[in-house]
Number of protein chains: 2
Amino acid sequence: MRFIDLTRKKRDGGELSRDEIAWAIRQYTADAIPDYQMSAWLMAALLRGLTRAELAALTEAMLHSGRVLDLSSIPGVKIDKHSTGGVGDKTSLILAPVAAAAGVIVPMISGRGLGHTGGTLDKLESIPGFNVHLSLEQTMRQLAEIGVALIGQTEDIAPADKRLYALRDVTGTVESPNLICASIMSKKLAEGIDGLVLDVKTGSGAFMKSEEEARHLAELMVETGERMGVRTAALLTDMDQPLGYAVGNALEVKECIAVLSGSGPQDLTRLSSLLTAWMLLLGGKVATIEEGEQVFARLIADGSGLRKFHEIVRAQGGDLSGLPRAKNVMPLAAASGGYVEQIDCEKIGIASLVLGGGRERKEDAIDPAVGLILRKKVGDVVRASDTLCEIHYNSEARLAEAVALIESSYRVGSQMPIRRPLVSDVISAGHQFARSAKQES
Amino acid sequence: MRFIDLTRKKRDGGELSRDEIAWAIRQYTADAIPDYQMSAWLMAALLRGLTRAELAALTEAMLHSGRVLDLSSIPGVKIDKHSTGGVGDKTSLILAPVAAAAGVIVPMISGRGLGHTGGTLDKLESIPGFNVHLSLEQTMRQLAEIGVALIGQTEDIAPADKRLYALRDVTGTVESPNLICASIMSKKLAEGIDGLVLDVKTGSGAFMKSEEEARHLAELMVETGERMGVRTAALLTDMDQPLGYAVGNALEVKECIAVLSGSGPQDLTRLSSLLTAWMLLLGGKVATIEEGEQVFARLIADGSGLRKFHEIVRAQGGDLSGLPRAKNVMPLAAASGGYVEQIDCEKIGIASLVLGGGRERKEDAIDPAVGLILRKKVGDVVRASDTLCEIHYNSEARLAEAVALIESSYRVGSQMPIRRPLVSDVISAGHQFARSAKQES
């Protein structure tokens, strides 16, 4: 087999076989196909598309390029959630302990912040001592003991994805729904899970700005997951403004504790509840989304979710009493009154990054304490000089830049905006699920 | 400027500016853009296509990646011919001396055999002592003295094309009319010529099997040449069977001498005459193709073409008296009688290569003496045991393989085939040229 012949076939609109794709990914992972050949194939795959069979074969080949966790020794159903990324998107820290408290095993492997979006690992590491680098053995032990582990990706999970992602990033081949799907699903399926809930975000703070793109990606991921024998559902959710009020690592941890204590923001609580309900439904713990949401409410009300969160922090060496705080807090006032018509969510994410809460380059260090607390969100009424947002900062170096970004992200005017639904649709193999969840959004 | 942004733009169907393309080719030639980025761009360019302005900009940038000959110190109009390659395609050795004898300056830079096709340099080097590696100074002197030089590509002509071609060859990005056009035209326009005649071949022995593809490439090349201020015309010619009877380097040189002596094969003589007439027309030496063909006939009849050929050989150190001959000649007989319905021209080319007349790998040495003399061509009547072809060989190592190829390439049957026209169309900026030449084909 010659890789150039596979490239030509894809270039000319043909379909590659499962064996051809498996061979190519094996050869690439073994350094037997050079990057300059792979990048031409990636561009052909982006422009010509992949059939569903090719996508499944690619996902499978990438999944099997490294270690696949075998959680069969741990009793119980294993369910995870994955988000395509957003600003203030912190549901993992809420739903992982609540779902575990409801009896589902949650082996969650997360990533770091990317561009303007935050990452679960960065949030967890704002808790002093919290260790996301558990070995496989430690992870297995923790899952057996408390039913949940929140860890980072290891070198041996889907190494083909690591190399392909780095190559796509520099060759203009990131923006392919098929390649994005294979990248996400190969990593998630390597976790050895039985079910997966996908939170596919759209809006000004998401990577996918249009709902059409998001829906297409969601459909690809659900179909690919189901083909590989993993029950999969995707919720199309709003990321046109930050989720909750807090943006910034330690600030977001505090907000999660508030939700787990029953006093968190409404939108964050609602989305966490829905995602948890879907995890419980896929895990067979409940029969309907409504029932799943009742379980969520009960586990918040009786403190089980919060207790499980503390168990995770303790198991992974964290100390919440030392959660860092920024030295300075500056309120940012509205210049005029009216409705908050719109918030440019990506700019809010970049403002937090500029304060030190995110990375511009991979190797940058993060300041876990800094960030923003929004005081006004879309649809809220503001009067001139009301606080729009609090800025938590340690250095004045780029404060002015952050202020300018926040000011330009808020649009205050006389039009009461139409609120976007928190969940606009659900894609799943079972239509009865989709219907019941849509009513909730 | 970032190359990835140019890749994204092309990928999404946008048009790159002249400056962007010039920048990219400069950076790539200077090793500032890695191959893995360029190959993704090449695939995007292949699948999305290039606008005519982009194609002109790419050709121009590749042309200026190295040295551009300045022939202004040599009086007279400079005209060259380029062929897309075929089997037995030896017109350069005929039309270069004849056009020079007619007063046109011919600074011809040729290539070596590629795949099943022969190359002018290999043919010239079958003449003992013939030196194709003239320096620029030697070339200029020879052009001033005898009006024609037949040389190989030097390192400093269009170096970007050399690198891009090598990359395309291993990444499935060869088969793009735009990229083929830029590759050919950047090299040819670096010769500092005033006019260019293109011989674009189609049929079983050509790289382009369909006339539609060939016509598209011809149109691109003519438009690109004209945009760059070089008068350009393209003839679509037949390569469904070998041109003339000889295939193999020294055998082809002998056949060229026969044409120059007025006793060559009809098809080879006719095509050489037409191509020469076009060179003379573009060079302003004649007013019509008919007049150009009359000049060709006169220069053959009075021996001027042959004398010019001898001048070239002498100037470049060659000795025709030592032209090599193969030790063995084996006639191959027809198994049955009928019409020669078809000859698979690519197989004939490979048969010659297998005997040692061409290269399977770049580094292979060539045996200049070996090859084939066809005795029957398409439309000829054969009787069982008539000789179809003579095999000139030095080693029996792969003789059986060559015999099998030749036998399977001839189809003899009861159907008198419809002969394909030698020239099926002419593409040029001036329609009056096209019309008069079409009548001739």
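Summarised in this report is the structure supplied together with it. Owing to the predicted nature of the structure, the values given are computational and were not obtained by experimental measurement.

Helix and strand counts for chain A stand at 17 helices and 13 strands. Taken over the C-alpha trace, chain A has a radius of gyration of 22 Å; the compact-globule value for 441 residues is 22 Å, and the two agree within 12%. Buried residues in chain A amount to 58% of all 441 residues. If you sum the accessible surface of chain A, you get close to 17,000 Å²; carbon and sulfur atoms cover 50% of it. The averaged location of the 56 negative side-chain charges in chain A is 1 Å from the averaged location of its 49 positive side-chain charges.

Now for unusual backbone geometry. One non-glycine residue, A:S385, adopts positive backbone phi at about 75 degrees. Along the chain, the position of A:S385 falls in the loop between β10 (381-382) and β11 (387-393). Despite not being glycine, B:D31 has its phi angle at roughly 65 degrees, a positive value. By relative accessible area, B:D31 is classed as exposed at 60%.

A few words on the side chain of B:N178. Secondary-structure assignment places B:N178 in helix α9 (residues 177-189). Excluding its chain neighbours within four sequence positions, the residues that come into contact with B:N178 are B:G49, B:L50, B:L55 and B:L220.

Turning next to the relation of the copies chain B and chain A. Superposing chain B onto chain A requires a rotation of 179 degrees together with a translation of 0.1 Å along the rotation axis, leaving an RMSD of 0.0 Å. This pairing of chains is accounted for by a two-fold axis. Scanning chain B for the C-alpha nearest the rotation axis identifies B:Y36, at a separation of 1.8 Å. In this assembly the copies share their binding face: 100% of the residues contributing to the interface of chain B also contribute to that of chain A.

This part is about the interface of chain B and chain A. Contact residues are listed per partner, giving 21 residues for chain B and 21 residues for chain A. In this assembly, chain B packs against chain A so that about 1,800 Å² is buried in total across both faces, 67% of it on carbon and sulfur atoms. With its nearest N and O atoms 2.7 Å apart, the salt bridge here joins A:R11 to B:E175. For the pair chain B and chain A, the interface holds eleven residue pairs in polar contact (both at pLDDT 80 or more). Of all elements in the fold, only α1 (3-11), α3 (35-48) and α8 (159-171) of chain B reach the threshold of two or more residues within the side of chain B that touches chain A. A total of ten residues in the side of chain B that touches chain A trace back to one element, the largest contributor, which is α3(B). Here the side of chain B that touches chain A is composed, by residue class, of nine nonpolar, six polar and six charged.

Before going further, it helps to spend a moment on the packing of helix α12 (residues 266-282) of chain B against helix α13 (residues 289-301) of chain B. Residue and element names in this part refer to chain B. Here α12 crosses α13 at 120 degrees, and the two axes come no closer than 8 Å. Between α12 and α13, the angle is such that the two are oblique. Relative to α13, the crossing made by α12 is right-handed. Here T269, R270, S272, S273, L274, T276, A277, W278, L280 and L281 of α12 lie close against α13, whose contacting residues are I289, G292, E293, V295 and F296. Per-class residue counts for the contact of α12 with α13 are eight nonpolar, five polar and two charged.

Residues and elements named next belong to chain A. As summarised here, the arrangement of the four strands in space is β6-β9-β11-β7, forming an open sheet in which the pairing is antiparallel. Looking at strand neighbours, the two that pair on one side only are β6 (246-247) and β7 (328-333), the edges of this open sheet. Sheet analysis places β7 next to β11, joined by six bridges and oriented antiparallel. The partner of L332 across the bridge, within β11, is C389.

How each quantity is defined
- Residues numbered from 1 in each chain as written.
- Chains lettered and ligands numbered in written order.
- Predicted model: local features only at pLDDT ≥ 70, side-chain atom pairs only at ≥ 80, totals over all residues.
- Heavy atoms only, no water.
- Helix = DSSP H or I, 4+ residues; strand = E, 2+ residues; numbered from the N terminus.
- Rg over C-alpha atoms; globule rule 2.2 N^0.38 Å.
- Buried < 20%, exposed > 50% of the residue type's maximum accessible area, 1.4 Å probe, protein only.
- Areas by Shrake-Rupley, 256 points an atom, 1.4 Å probe, with all protein chains shown as cover.
- Lys, Arg positive; Asp, Glu negative; His and termini not counted.
- Charge placed at Lys NZ, Arg CZ, Asp CG, Glu CD.
- Contact = heavy atoms within 4.5 Å.
- Least-squares fit on C-alpha atoms with pLDDT ≥ 70 in both.
- Buried area = accessible area lost by both parts, 1.4 Å probe.
- Salt bridge = Lys/Arg side-chain N within 4 Å of Asp/Glu carboxyl O.
- Polar contact = N/O pair within 3.5 Å; in protein donor to acceptor, adjacent residues only side chain to side chain.
- Nonpolar A, V, L, I, M, F, W, Y, C, P; charged D, E, K, R; others polar.
- Axes fitted to C-alpha atoms, helices over the stretch in contact; angles between N-to-C directions.
- Parallel < 35°, antiparallel > 145°, perpendicular 65-115°, else oblique.
- Left-handed = near helix turned anticlockwise from the far one by under 90°.
- Pairing = 2+ DSSP bridges.

In short, shape yes, function no, at least from these values alone.
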